[in-house]
Number of protein chains: 2
Amino acid sequence: MPQYTPPVRDTRFVLEHVVGLDRHANLPGFAAATPDTVDAVLEEGGRFVAEVLFPLNQSGDLEGCTRHEDGSVTTPAGFKEAYAQFVESGWGTLAAPEAFGGQGMPHVVSTAFQEYMISANMAFAMYPGLAHGAIAALVVKGSPEQQEKYLPKMVSGEWGGTMNLTEPQCGTDLGLIRTKAEPQADGSYAITGTKIFISAGEHDLTDNIIHLVLAKTPGAPDSSKGISLFVVPKVLVNDDGSLGERNAVSCGSIEHKMGIHGNATCVMNYDGAKGWLVGEEMKGLAAMFIMMNAARLGVGLQGLGVAETAYQNAVAYARDRRQGRALTGPAQPGEKADTIFVHPDVRRMLMEAKAMTEGLRALCLWGALQVDLEHSAASDEEKQLSSDLIGLLTPVIKGYGTDKGYEIATNAQQVYGGHGYIQEWGMEQYVRDARIAMIYEGTNGVQAMDLVGRKLAQNGGRAIQTFFKIVGEEVAGASDDAAVKQVAGALGKALGELQAATMWFMANGMQNPNNVGAGATAYMHLTGIVATGLMWLRMAEAAARLKAAGEGDAAFLDAKLVTARFFAERIMPDAGALRRKIEGGAETLMALPEEMFLAA
Amino acid sequence: MPQYTPPVRDTRFVLEHVVGLDRHANLPGFAAATPDTVDAVLEEGGRFVAEVLFPLNQSGDLEGCTRHEDGSVTTPAGFKEAYAQFVESGWGTLAAPEAFGGQGMPHVVSTAFQEYMISANMAFAMYPGLAHGAIAALVVKGSPEQQEKYLPKMVSGEWGGTMNLTEPQCGTDLGLIRTKAEPQADGSYAITGTKIFISAGEHDLTDNIIHLVLAKTPGAPDSSKGISLFVVPKVLVNDDGSLGERNAVSCGSIEHKMGIHGNATCVMNYDGAKGWLVGEEMKGLAAMFIMMNAARLGVGLQGLGVAETAYQNAVAYARDRRQGRALTGPAQPGEKADTIFVHPDVRRMLMEAKAMTEGLRALCLWGALQVDLEHSAASDEEKQLSSDLIGLLTPVIKGYGTDKGYEIATNAQQVYGGHGYIQEWGMEQYVRDARIAMIYEGTNGVQAMDLVGRKLAQNGGRAIQTFFKIVGEEVAGASDDAAVKQVAGALGKALGELQAATMWFMANGMQNPNNVGAGATAYMHLTGIVATGLMWLRMAEAAARLKAAGEGDAAFLDAKLVTARFFAERIMPDAGALRRKIEGGAETLMALPEEMFLAA
């Protein structure tokens, strides 16, 4: 049956040698993140998710959520009790502001824990995960009264939170929103409309759910510039903080989905529900992006988290299942057959998964550090640099991370052969769960367009130039270790491909923006390879340095160096192909009339 | 709701201009395949599957199969009636030998129809599909008595057929088989053992099911050289052809799977069941490969078939769903938003699907032609050439075809955004169904090893040299049309990468066979790109020639030329990356001790 062990040793290595947590100890929040504290979070948090949440992952998938006639929703057996333990333990409050009852730890530490929670039970992790997005918006845009009223109980986990954007006719294009907000005499608004695909929209885990809802006020322009954000509690909250009347919002149905069955994806009906404006009227898009950017990084982490569990199980199966003989002769001659681990093509899938999950872990944590630094770095220059980096990397972590997460989960399933296709082995669930991460919070195509259409051009290309400079300098400054040199050489080459692709966009995008759109996904993947490659260069540097100094676990460091080289040999070659595809441009892509697509 | 239209126009184009059906009219079987007859098969057969089988595809997935306490299995509602129509119409008998009641048409014509049947309902198509494998083995290896007893009713579809290879401890490595066959005084054998993953092992569509079962006779060697093939009918057949007693074989359970829910995947228990040897004792492997090679081509066709339906629906959705505006300004200014077809990244997914499905269709049909020619070509040289080609291409069609089929289905689902993840839209089923094709009848890793470990080396590399020669000559002889020249240029380059990779294997495989195993999957994909590229060169040549002559539908021919160029620009660049990965060799792949795979 499936298993999961939090990769604490690897997380610690990344926090120490890629993120460099100790170098930031002088900053607010980081002071509390002493090595001992972080170790305790990783060890104890990891134990909690492995022992409490992981055992509910497969059963939650099989049972799913149930909506009752009165509109209430029951989560799978065990979720309610596990959630109560989660709240009690405080694992959800790690990075929340101390002012609202959080622990004020760096975002990067919380991110490390969140990866484990996703690995253990993605559907469960989404309940507090969605609340985090709502908390982020209220922390930045909520009025002091709203913050006081909602945040302490949202931070503690007593209340849930959601993001209500999508409507039947309106997904990416938020200008199409029809939900209406009519101002009332008491300063509140009456919210009316239908929202779909609302994760954790209704459930039995908390006494209240605080919905953040995009809607249009009367006379607002018919575009995304006309939308406002509202806070709409499921149960109205009295001035003394006690729960009052039920609000006019209810779950009309829950979706039957390919995966994440343990999370209730709801159609939410707002029928003149009482809501309050968050921030300014018609500035809802900016507030929404606060939620959205946090959510996109969280979804990128889902790609990694699910892939990690799938990978771990594939390794275990490959060490256990016997079939055939090694190409070089029987490896276990006393047995009737060798374990399938001996087969190079099985190892290929496992090494790709190892190289990608460890690389993505470093990238997600390095990205999380930028979220911390953009707010708390010592100088404005450093804040701007981190803000530029995380703006650039958010669509990459989301899009590249989840495309790769799905690929890894699919390969891990493949290692199981026929058993991978059978429910009871648990592997097909990881593929179904991983699939949604490529779609929601902006499809990966939308991420790619965000990267090439917005992030590349902002501030005269400052962010990508900063990224080129960082990668270029680390490549140029690579140490003499043979493995490091190999990785640096491959990364330098991949950087060259990315720079050439960027130049091609600049030369060809003005005359026809479709030339940029046509290469968007390839560019996102190319950037992902370079960014993950940078992480591997750093890991290789650290491993070589520690090894030379006789520090650390030699076997672990050797594995890092081999895996870094594998990444250079087996993943980075895609960079050249991606550049060539980008340089194919838009012509053949856009040439066919729509009616000629079907050959029938 | 999902839709499907058989791509008759494209099939006809391929049969005429890539397969060159009319050039083989002098051969047995082909004489009957006049253009009118073939047209009737495509039109009428296509109508049958679209009207009768496709409406049961989604409902069959939702309902699945049910095993009852007595071991009987009920297929989803409507399957039994549809199967009766299928038998009555004779669509299953197209390519079966006339001696046993078949129509004796070329395999290539039957393959064209089978693609449509898979597209309409893959789970349904597997019932007659598995019987075809069993028929193929009995036609070649069965005794005259066995053929007379079983084949007419199997060919007509009155009786089903299965392939029983896998056991709990034994998948790819058939030497591990434990099922026993004890010789009986009457010349029969008593078969005892458990087989798993038996598609169509038990169902309510037919009165009888003829199982072909691999088992070991007493004293047989403990390897794949010790296995024999047996025919084991579910119901014993009397000498007059009437049904007799129930045999001691039964369905112990059915699997809960990720997809193909409409097909019953059974655990089959043989409890001293009466069976008869097919062919010679301990020559079961050769007989099994007859079934297996037919099945592998059929599975490759599943990759194409499911991808085609997914693609068609994605095109329809992209023409209907409105979201955002074209990068070049509103395309449909009278509407609140443009259809998502205007977005380059949506078109990218659709063009990739179009280029791959049309390319794979040509490759599957050209491969099917080789199956015909290896038996019926006029000269021994031609027979050998076709036999070499289909031996080489079978693992490529299966492995590359199904990897791409899954990718296309996933991308088609992606076009739907969030709706793609919801069951009722039907897209997630295609992904789940397509997934199994990468696993069964030999995982795609096994296909890759078959290609590089067996097919490359056989007869001193004759098959791959023949393939190089064909591709090289068609590239060299490419006409002057600009599109053709572009495709030929890209194909020539990809061929160069494949030749270099082959040389690298020759230079590095002897010293360490893991160097070949490490590049096996990349080599299979590289061969797939070149083979599909050859198909696109032929289609481009034909389109350019017809266009210049003022023949055919100009819009259709223009679409072929654009899509051929797209394939050259957007798919072929992967060839270089694949070669570089192959040249990475086995070192880093095999370097890590197993226990260092987990970083935990």
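Conventions adopted
- All residue numbers refer to positions counted from 1 along the written sequence of the respective chain.
- Working convention: letters from A go to chains and numbers from 1 go to ligands, in the order in which they are written.
- Local features in this predicted model are restricted to residues of pLDDT 70 or higher, and side-chain atom pairs are both shown and tallied only at a pLDDT of 80 or more, whereas totals for entire chains, interfaces and linings draw on every residue.
- No hydrogens and no water enter the side-chain calculation; it runs on all heavy atoms of the structure.
- UniProt positions are given in the numbering used here, feature names are shortened, and annotations may be inferred rather than shown by experiment.
- We define a salt bridge as a contact between a side-chain nitrogen of Lys or Arg and a carboxyl oxygen of Asp or Glu at a distance within 4 Å.
- For the purposes of this entry, the term helix denotes a DSSP run of H or I that reaches at least four residues, the term strand denotes a run of E that reaches at least two, and both are numbered from the N terminus.
- Accessibility here uses a 1.4 Å probe with only protein chains present; expressed as a share of the type maximum, an area under 20% marks a residue as buried, one over 50% as exposed, and anything in between as partly exposed.
- N or O atoms within 3.5 Å of each other form a polar contact, as long as, within protein, one can give a hydrogen and the other can take it, and as long as residues adjacent in sequence are counted only when both atoms are side-chain atoms.
- Contacts were defined at the residue level, with two residues in contact if any of their heavy atoms lie within 4.5 Å.
- In this description, a nonpolar core means a group of buried Ala, Val, Leu, Ile, Met, Phe, Trp, Tyr and Cys residues linked to one another through side-chain atoms lying within 4.5 Å.
- Buried area: the accessible surface (1.4 Å probe) lost by two parts on joining, summed over both.
- Under this scheme, a helix contributes an axis fitted over its contacting stretch, all axes are lines through C-alpha atoms, and angles between N-to-C directions fall in the 0 to 180 degree range.
- Note on terminology: angles under 35 degrees are roughly parallel, angles over 145 are roughly antiparallel, angles of 65 to 115 are roughly perpendicular, and the others are oblique.
- Helix crossings fall into two classes, left-handed where the near helix is turned counterclockwise from the far one by less than a right angle and right-handed where it is turned clockwise.
- Charged means Asp, Glu, Lys or Arg here, nonpolar means Ala, Val, Leu, Ile, Met, Phe, Trp, Tyr, Cys or Pro, and polar covers whatever is left, Gly included.
- Multiplying 1.5 Å by the helix residue count minus one yields the expected span of that helix.
- Residues below a pLDDT of 70 in either copy are left out; the C-alpha atoms of the rest, at least 70 in both, set the least-squares superposition of the copies.
- Two aromatic rings, drawn from Phe, Tyr or Trp (for Trp, its six-membered ring), form a pair once their centres lie within 6.5 Å of each other, and the interplanar angle then sorts them: stacked below 30 degrees, edge-to-face above 60, tilted otherwise.
- We call a charge positioned over a ring when the NZ of a Lys or the CZ of an Arg lies within 6 Å of the ring centre and within 35 degrees of the ring normal.

- In the annotation of an unreviewed UniProt entry, the entry for chain A reads 3-methylmercaptopropionyl-CoA dehydrogenase, and the organism field reads Sphingomonas jinjuensis.
- Per UniProt, the comment on chain A under Function (unreviewed entry) is "Involved in the assimilation of dimethylsulphoniopropionate (DMSP), an important compound in the fixation of carbon in marine phytoplankton, by mediating the conversion of 3-(methylthio)propanoyl-CoA (MMPA-CoA) to 3-(methylthio)acryloyl-CoA (MTA-CoA)."

**Concerning the pattern of salt bridges**
All names here are of chain A.
Phase 1 of the analysis: On inspection of all chains with the given rule, the structure shows 74 salt bridges over all chains.
Phase 2 of the analysis: Arg47 is the partner of Glu44 in a salt bridge, and the nearest nitrogen-oxygen pair spans 3.1 Å. Of this pair, Glu44 and Arg47 both sit in helix 2 (residues 35–53), three residues apart, which is roughly one turn of the helix.
Phase 3 of the analysis: What makes Glu44 partly exposed here is its relative accessible area of 37%.
Phase 4 of the analysis: What makes Arg47 partly exposed here is its relative accessible area of 39%.
Phase 5 of the analysis: Members of the salt-bridge network, linked through shared partners, are Asp10, Glu115, Glu308, Lys354, Glu358, Arg361 and Lys560.

**Quick look at the side chain of A:Gln447**
All names here are of chain A.
Phase 1 of the analysis: Note that Gln447 resides in helix 12 (residues 444–455).
Phase 2 of the analysis: Among the polar contacts listed, one links the side chain of Gln447 to the backbone oxygen of Glu441, at a separation of 3.0 Å.
Phase 3 of the analysis: Apart from the residues lying within four places of it in its own chain, the contact partners of Gln447 are Arg296, Pro395, Lys398, Gly399, Glu441, Gly442 and Met524.

**Observations regarding the nonpolar core**
Phase 1 of the analysis: The biggest cluster of nonpolar side chains holds 425 residues, and the ones touching the most others in it are A:Leu350, A:Phe467, A:Tyr523, B:Leu350, B:Phe467 and B:Tyr523.
Phase 2 of the analysis: If we skip the residues at most four places from it in the chain, A:Tyr523 touches A:Leu451, A:Val452, A:Leu456, A:Ile464, A:Leu498, A:Ala501, A:Thr502, A:Phe505 and A:Ile582.

**Thoughts on the interface of chain A and chain B**
Phase 1 of the analysis: Facing the 105 residues of chain A at the interface are 105 residues of chain B.
Phase 2 of the analysis: Summing both partners gives a buried area of about 9,600 Å² for chain A against chain B, and 58% of it is carried by carbon and sulfur.
Phase 3 of the analysis: Considering only the surface of chain A that becomes buried against chain B, A:Tyr421, A:Arg570 and A:Phe597 emerge as the three largest contributors, covering 9% of it.
Phase 4 of the analysis: At the surface where chain A touches chain B, the tally comes to eight salt bridges.

**Brief notes about the packing of helix 10 (residues 380–415) of chain B against helix 11 (residues 427–437) of chain B**
All names here are of chain B.
Phase 1 of the analysis: The N-to-C vectors of helix 10 and helix 11 enclose an angle of 165 degrees; their axes lie 9 Å apart at closest approach. One element, helix 10, and the other, helix 11, form an angle in the roughly antiparallel class. Where helix 10 crosses over helix 11, the two elements pack in a sense that is left-handed. Along its contact with helix 10, which presents Lys398, Thr402, Gly405, Tyr406, Ala409, Thr410, Ala412 and Gln413, the element helix 11 presents Met427, Glu428, Tyr430, Val431, Ala434, Arg435 and Ala437.
Phase 2 of the analysis: Considered class by class, the residues forming the contact of helix 10 with helix 11 number eight nonpolar, four polar and three charged.

**With respect to the UniProt feature "domain: Acetyl-CoA dehydrogenase-like C-terminal" (unreviewed entry) in chain A**
Phase 1 of the analysis: Per the UniProt record, "domain: Acetyl-CoA dehydrogenase-like C-terminal" (unreviewed entry) is annotated on residues 473–593 of chain A.
Phase 2 of the analysis: Overall, residues 473–593 of chain A shows 80% helix and 0% strand. The separation of its end C-alpha atoms is 47 Å.

**Description of helix 16 (residues 520–548) of chain A**
Phase 1 of the analysis: For helix 16 of chain A, spanning 29 residues, the distance from its first C-alpha to its last is 42 Å, which sits close to the expected 42 Å at 1.5 Å a residue.
Phase 2 of the analysis: Burial runs high along helix 16 of chain A: 26 of the 29 residues are buried.

**Quick notes on the relation of the copies chain A and chain B**
Phase 1 of the analysis: In the superposition of chain A on chain B (RMSD 0.0 Å, axial shift 0.0 Å), the rotation amounts to 180 degrees. Look at the turn and shift together and you get a two-fold axis relating the two. Every residue of chain A has its C-alpha some distance from the rotation axis, and the shortest such distance is that of A:Ala577, at 3.0 Å.
Phase 2 of the analysis: The overlap is high: 100% of the interface residues of chain A also sit at the interface in chain B, so the same surface is used on both sides.

**Description of the side chain of B:His343**
Phase 1 of the analysis: Residue placement: B:His343 occurs in the loop between helix 8 (284–320) and helix 9 (344–376).
Phase 2 of the analysis: From its side chain, B:His343 meets the backbone oxygen of B:Gln323 in a polar contact 2.7 Å long.

**Thoughts on the environment of A:Thr521**
Phase 1 of the analysis: Along the chain, the position of A:Thr521 falls in helix 16.
Phase 2 of the analysis: With relative accessibility at 11%, the residue A:Thr521 sits in the buried group.
Phase 3 of the analysis: Between the alpha carbons of A:Thr521 and A:Phe124 there is a distance of 30 Å; along the sequence they are 397 residues apart.
Phase 4 of the analysis: In contact with A:Thr521, not counting residues within four places along its chain, are A:Gly445, A:Ala448, B:Asp345 and B:Arg348.

**Brief notes about unusual backbone geometry**
Phase 1 of the analysis: We note that A:Phe197 has phi near 55 degrees; this positive angle belongs to a residue other than glycine.
Phase 2 of the analysis: In this fold, A:Phe197 is placed in strand 5 (residues 189–199).

**Comments concerning the packing of helix 10 (residues 380–415) of chain A against helix 16 of chain A**
Residue and element names in this part refer to chain A.
Phase 1 of the analysis: Packing of helix 10 against helix 16 leaves a shortest axis separation of 9 Å and a crossing angle of 95 degrees. When the axes of helix 10 and helix 16 are compared, the pair comes out roughly perpendicular. Where helix 10 approaches helix 16, its residues Leu393, Pro395, Val396, Gly399, Tyr400, Asp403 and Lys404 are matched on the opposing element by Met524, His525, Thr527, Gly528, Ile529, Ala531 and Thr532.
Phase 2 of the analysis: The class makeup of the residues in the contact of helix 10 with helix 16 is seven nonpolar, five polar and two charged.

**Let's talk about the packing of aromatic side chains**
Phase 1 of the analysis: Tallied over the full model, the rule gives 33 aromatic pairs over all chains.
Phase 2 of the analysis: Ring geometry for A:Phe505 versus A:Tyr523: centroids 5.1 Å apart, planes at 40 degrees, classification tilted. You can see A:Phe505 sitting in helix 14 (residues 482–509) and its partner A:Tyr523 sitting in helix 16, a full 18 residues away along the chain. With respect to burial, A:Phe505 and A:Tyr523 carry one shared label: buried.
Phase 3 of the analysis: Judged by centre distance (6.4 Å) and plane angle (35 degrees), the ring pair of B:Phe48 and B:Phe86 falls under tilted. Here B:Phe48, found in helix 2 (residues 35–53), pairs with B:Phe86, found in helix 4 (residues 79–89); they are 38 residues apart in sequence, far enough to count as distant. Neither B:Phe48 nor B:Phe86 differs from the other in exposure class; each is buried.
Phase 4 of the analysis: One aromatic cluster is present, formed by A:Phe48, A:Phe79, A:Tyr83, A:Phe86, A:Phe124 and A:Tyr127 through successive ring pairs.
Phase 5 of the analysis: Its guanidinium or amino end placed over the ring of A:Tyr406, A:Arg435 lies 5.4 Å from that ring's centre, counting from NZ or CZ.

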